[in-house]
Amino acid sequence: MKPIPVAVLFGGRSVEHEVSVLTGLEAIDAMDRHQYQPIPVYIAQDGRWYTGPQLLQRSFYRTLQLATLDQVTLLPHPGSGGLYHLKSGRTTPISCFFLAMHGSNGEDGTLQGLLELAQVPYTGCDVAASAVTMDKWLTKSVLRAHNLPVLPDQRVDREEARTQLTALVDQLLTRLQFPLIVKPSRLGSSVGVHRVETREKLAAALVSTFNIDRHALVEPCIDPLLEINVSILHHQGAATPSVVEIPFATQQTLTYEDKYLRDGGAKVSHGSLGMAGASRIIDPSDLDPAVEASVQSIACQAYTLLGCRGVARCDFIYDTAQSQLYFNELNPIPGSLSYYLWSRSNPRLLYPSLIDHLIQEAISRHAEAAALSRKTPSGLFSKM
Amino acid sequence: MVATTMSDLMVLLSMTVAHGLFFWRRSLRFLRYLQQEDYDSARFGRFVLERRAFDRRGTAVSLCAALLSFWWWPAALLGAGALVGVALLEENPRRQGKIRLQMTQRARRLWIVAWSVDLLCWGLIVLLVSQPGWLWVMQALFSQLVALFVGVTPLLMHLDERRRQVQLVAQARERLEEVKPLIIGITGSYGKTSTKSLIGAMVERALGATLWTEKGVNTLMGLTREVRERLLPGHRYLIAEMAAYQRGSIARLCQLLPPYAGCITTIGSMHLNRFGSHETIKRAKSELAQGVDPEGLLVCNGDDVGAREIAKEHPKRRTLLYGTDHEQLDCRIRCTGLSAQGSQFELSWQGRTYRGSTPLVGDLALRNAAGAFCLAAELGADPDYLIALLATQQPVDQRLRPVVRGGITYLMDGYNSNPSGFGAGLDVLAKITANKRYLMTPGMIELGTIQEQENRRLAEKAAGCCDGIIFVGETNRAAWSLPGSDKLIFCTDREAAFKTLEERLKPGDAVLIENDLPDLYEPVRAL
């Protein structure tokens with residue numbers, strides 16, 4: 001059987017651009033070439049789409065000679081057939097768009113909107129689930145309404161803060177006590193997360209957050225805490241959890257560096273492995289089984305409530321002093337697609353199988369969506 | 001030389017190919033220098049003469065080929081091969097050098113015209129000269145003329161460039177009319193790029209969508225391009241750095257970009273060699289104050305005599321002075337603590353004292369911050385928000401930016417070439433905690449008659465606070481040759497200086513990298 005062409009999209013106009021490149025290249029490396037023909041599509045920081053075999057070389061990204069690539073796009077109407085090459089005018093047929101995007105304009109429903117308009121199969125969450133899960137405040141609001149455990153928080157709007165920062169800080173401090181965590185409401189990969197203990201640092205953290213997001217989310221900082229993550233997959237018609245992991249943080253909270261710039265404790269660095277390279281314990285034997293079960297159960301509920309598809313990762317905070325578990329966030333396209341968790345889970349999925357599962361799910365979901373009737377009730381025009 | 005035999009034809013073709021390739025490669029190098037001289041033919045000519053940027057390799061090959069060709073014609077073919085080799089050895093100025101050649105449309109036009117003129121002249125020579133030996137003698141002459149062909153092209157194309165510029169400026173005006181942003185102009189002898197970055201960050205983050213660039217875009221055509229290509233509907237503010245290259249430069253910029261608000265950082269001795277006197281510099285900079293809307297806002301550095309005088313001579317509806325030292329200031333900033341991580345400060349504004357911290361270091365940077373603060377606050381930004389913003393404001397790259405690597409503190413101040421900035425850098429170096437303190441510098445340039453005096457003054461100051469001074473190049477060497485000082489190490493170029501520095505630096509040490517002269521001041525690599 002001829003391998004089917006799969007466009008792997010990565011990069012994008014996001015502060016998580018580089019992480020996305022790593023996720024994309026890992027996915028391409030792991031793709032079964034007998035079944036799939038991966039076509040790398042790099043979305044540059046200016047939003048232009050490029051393809052070309054050079055994109056498969058990690059060294060290419062040091063210099064980014066974009067002029068050597070072929071610029072492509074996806075036309076926003078059904079039946080456009082795949083990737084349209086701007087220079088030659090030809091079209092590369094694509095059977096599925098595999099999303100390895102993180103952050104804004106990739107994981108937040110905007111790209112999914114384009115793919116919906118073009119009516120092409122794509123992996124992961126749909127527009128609504130992507131948009132809600134990318135916004136931590138919205139996600140927590142939905143889950144809070146369904147009595148799932150989340151930390152108290154306050155969302156701060158940039159426009160409001162610009163005119164009355166001092167009043168807002170005062171108001172925040174009547175509800176929440178130091179130490180506090182300030183983070184952008186709509187970014188992942190721990191980008192822009194600040195732990196603050198003074199009023200001055202709180203104001204600076206808010207202002208700094210507004211450089212990358214219009215909304216900041218302020219939460220109490222749990223100390224001491226244990227971070228517990230679990231991946232969820234839509235499998236055989238239901239949300240299915242992986243084993244859990246406990247990532248190690250070098251500071252009090254897991255940072256971008258912990259996640260992507262350390263090499264899993266390896267003595268010899270072979271380049272970043274993305275999220276898969278972070279230091280962690282997978283399926284910890286000394287974790288209370290009741291806590292592990294709660295993590296898996298709450299994660300499945302959250303995944304289902306938010307209408308997710310594909311592979312997601314739910315992050316939890318466990319307050320070890322109070323023995324209290326809190327849902328923290330859901331990543332609709334997690335770093336490295338959380339493949340490292342599925343090789344030890346039930347069902348056991350190695351990375352190629354996980355990718356196969358995601359592509360097949362996308363294709364069948366697309367077929368179901370295409371079967372929905374779009375017939376316009378007739379007769380209105382005749383009366384015009 | 002009319003080719004009558006196969007050998008003639010071979011000589012002619014091989015020499016023309018070698019000639020064209022040599023001109024192509026060599027002219028790019030000269031084009032980079034011309035670009036760095038703002039396409040000013042006279043300044044470029046001076047550079048070529050002063051730096052003796054004359055061809056050696058091409059001429060040597062051509063003369064050898066000429067001598068041999070007079071009695072053995074195949075030598076002409078060998079010479080062509082050698083000239084191709086020389087051409088291929090040429091550095092690529094688009095990939096090498098501190099400031100690389102930007103192949104803009106204008107640069108490309110100039111290059112094509114220069115090459116066309118050269119080929120035309122070569123064609124005429126080929127028709128007139130009948131002997132390969134003499135043709136090689138002409139090639140030796142042409143090797144020397146590459147700089148001339150490149151240098152005179154801006155003159156040849158002056159009218160065409162002028163016509164294009166008028167069209168582009170008209171398009172920029174249309175765009176401005178459509179978007180109608182509030183325009184903020186910034187000028188000064190130094191500190192204008194840093195202040196612009198601070199104002200840009202503050203206005204954009206505290207007030208709304210703003211067009212500004214961190215790069216030093218400050219000429220009429222640079223700003224025209226920014227407006228045409230980057231000004232979008234929805235931009236509420238436009239921040240324009242305005243440089244004065246002569247009297248009238250800023251007035252022309254103000255005609256295109258009439259400012260509602262203006263900020264004047266300093267009236268110093270930069271470009272004194274261009275302007276001739278301090279008074280002329282002041283007059284040139286005061287064109288911004290004259291251009292500011294009478295109902296607008298003028299913000300001037302109150303610690304600077306010239307800027308203060310301009311504020312007095314051209315009052316606006318709101319005229320504000322900022323600084324650290326002068327008695328009468330509307331916005332005063334004071335450093336209360338300094339480390340490699342940044343500064344703590346107190347800022348007084350409208351009867352209130354704000355305390356904060358910032359990654360910026362040095363009095364000059366804090367003064368710029370005060371200027372940006374009072375301008376943004378006066379335009380309606382929340383002062384508390386601005387103070388919080390300062391805590392996140394990183395110094396502009398290469399403008400007294402502290403970087404800690406391997407336990408060594410590097411104060412990166414490569415773009416500073418003025419006495420105040422240099423002095424502020426030394427002050428920070430002296431105050432931060434360090435085992436040993438080093439300075440690496442080529443000194444300061446473009447200070448006219450006071451260049452030697454100012455370099456000597458700062459050399460003495462540096463000798464007082466540094467454990468070692470690594471001096472780069474020849475330009476200011478005499479002024480930095482302090483008699484009896486064992487702290488000075490002279491290096492021929494930047495690479496050698498960094499090597500020397502690396503050998504000495506140990507964890508816990510600090511080094512100020514002060515000023516990095518453009519390629520124009522570096523020794524011209526083998527031609």
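Numbering of residues begins from 1 in every chain and follows the order in which that chain's sequence is written. Here every chain gets a letter starting at A, and every ligand a number starting at 1, in the order they are written. Predicted model: local features are reported for residues with pLDDT of at least 70 only, side-chain atom pairs are reported and counted for 80 or more only, and whole-chain, interface and lining totals are derived from all residues. Excluded from the side-chain calculation are hydrogens and water; included are all heavy atoms of the structure.

We now examine the packing of helix α4 (residues 127-134) of chain A against helix α5 (residues 136-145) of chain A. Residue and element names in this part refer to chain A. All axes here are fitted lines through C-alpha atoms, helices being fitted over the stretch that makes contact, and every angle between N-to-C directions spans 0 to 180 degrees. Think of it this way: any DSSP run of H or I at least four residues long counts as a helix, any run of E at least two long counts as a strand, and we number them from the N terminus. Two elements in contact, α4 and α5, have axes separated by 5 Å at closest approach and are oriented at 100 degrees. One finds that α4 runs roughly perpendicular with respect to α5. Side by side, α4 and α5 meet where V132, T133 and M134 of the first sit next to K136, L138, T139 and V142 of the second. Partitioned by chemical class, the residues of the contact of α4 with α5 number 4 nonpolar, 2 polar and 1 charged. An angle counts as roughly parallel when it lies under 35 degrees, as roughly antiparallel when it exceeds 145, as roughly perpendicular when it falls between 65 and 115, and as oblique in every other case. For this analysis, residues touch if any pair of their heavy atoms sits within 4.5 Å. Polarity classes work like this: nonpolar for Ala, Val, Leu, Ile, Met, Phe, Trp, Tyr, Cys and Pro, charged for Asp, Glu, Lys and Arg, and polar for all others, with Gly in that last group.

Another point: the sheet that holds strand β15 (residues 510-514) of chain B. Residue and element names in this part refer to chain B. A sheet is described by the order of its strands in space; here 6 strands give the open sequence β10-β11-β15-β12-β13-β14, paired in mixed fashion. Each having just a single partner strand, β10 (401-405) and β14 (488-491) make up the two edges of the open sheet. Ignoring strand direction, the axes of neighbouring strands in this sheet form an average angle of 20 degrees. One bridge is not enough; two strands pair if DSSP finds at least two bridges between them. Bridging between strand β12 (residues 437-441) and β15 involves 4 bridges; their strand directions are parallel. Bridge pairing in β15 links Y438 to V511. Its contacts with the sheet put helix α19 (residues 494-504) on β12, β13 (468-472), β14 and β15, and the angle it makes with β12 is roughly 175 degrees.

Residue and element names in this part refer to chain B. Structurally, C64 can be placed in helix α3 (residues 57-69). Accessible area is worked out with a 1.4 Å probe on protein chains only. A residue is then buried under 20% of its type maximum, exposed over 50%, and partly exposed in between. Judged by relative accessible area, C64 falls into the partly exposed class, the value being 46%. It is 8.6 Å that separates the C-alpha atoms of C64 and W136, two residues lying 72 residues apart in sequence.

Below, the discussion takes up the state of the cysteines. Residue and element names in this part refer to chain B. A pair of sulfur atoms, both from cysteines and within 2.5 Å, is called a disulfide here. Under the criterion given, the structure shown has 0 disulfides over all chains. The thiol of C263 is not disulfide-bonded; the next cysteine sulfur, from C300, is found 7.2 Å away. Assessed through its relative accessible area of 0%, C263 is described here as buried.

A word on the interface of chain A and chain B. It is common to give the size of an interface as the accessible area lost on bringing the parts into contact. Every contact between the two is made by 14 residues of chain A and, on the other side, 14 residues of chain B. Note on definitions: salt bridges are taken to be side-chain nitrogens of Lys or Arg within 4 Å of carboxyl oxygens of Asp or Glu. Connecting chain A to chain B are 0 salt bridges. Between N or O atoms, a polar contact is any pair within 3.5 Å; within protein, one atom must be a potential hydrogen donor and the other a potential acceptor, and residues adjacent in sequence are included only when both atoms are from side chains. Where chain A meets chain B, there are 6 residue pairs in polar contact (both at pLDDT 80 or more). Going through the elements one at a time, α6 (158-175) and α7 (199-209) of chain A are the ones with two or more residues in the side of chain A that touches chain B. Ranked by the residues each element gives to the side of chain A that touches chain B, the list is headed by α6(A), at 7 residues. Taken together, the residues that form the side of chain A that touches chain B break down as 6 nonpolar, 5 polar and 3 charged.

A few words on the packing of helix α1 (residues 6-36) of chain B against helix α5 (residues 105-128) of chain B. Residue and element names in this part refer to chain B. Look at α1 against α5: their axes get within 10 Å of each other, and the N-to-C directions meet at 145 degrees. Taken as a pair, α1 and α5 cross one another with a handedness that is right-handed. Of the residues in α5, those in contact with L12, M15, T16, H19, G20, F23, W24, S27, L28, L31, L34 and Q35 of α1 are A107, L110, W111, A114, W115, D118, L119, W122 and V126. In terms of residue class, the contact of α1 with α5 is built from 15 nonpolar, 5 polar and 1 charged. Crossings are classed by handedness, with left-handed meaning an anticlockwise turn of the near helix from the far one by less than a right angle and right-handed meaning a clockwise turn.

Residues separated by three or four positions in an α-helix point in the same direction, a consequence of the helix having 3.6 residues per turn. Here a helix's expected span is defined as the number of its residues, less one, multiplied by 1.5 Å. Taking 1.5 Å per residue, 13 residues should reach 18 Å; helix α16 (residues 419-431) of chain B reaches 18 Å between its end C-alpha atoms and fits that length. Residues of α16(B) that are buried: P419(B), G421(B), F422(B), G423(B), A424(B), G425(B), L426(B), V428(B) and L429(B).

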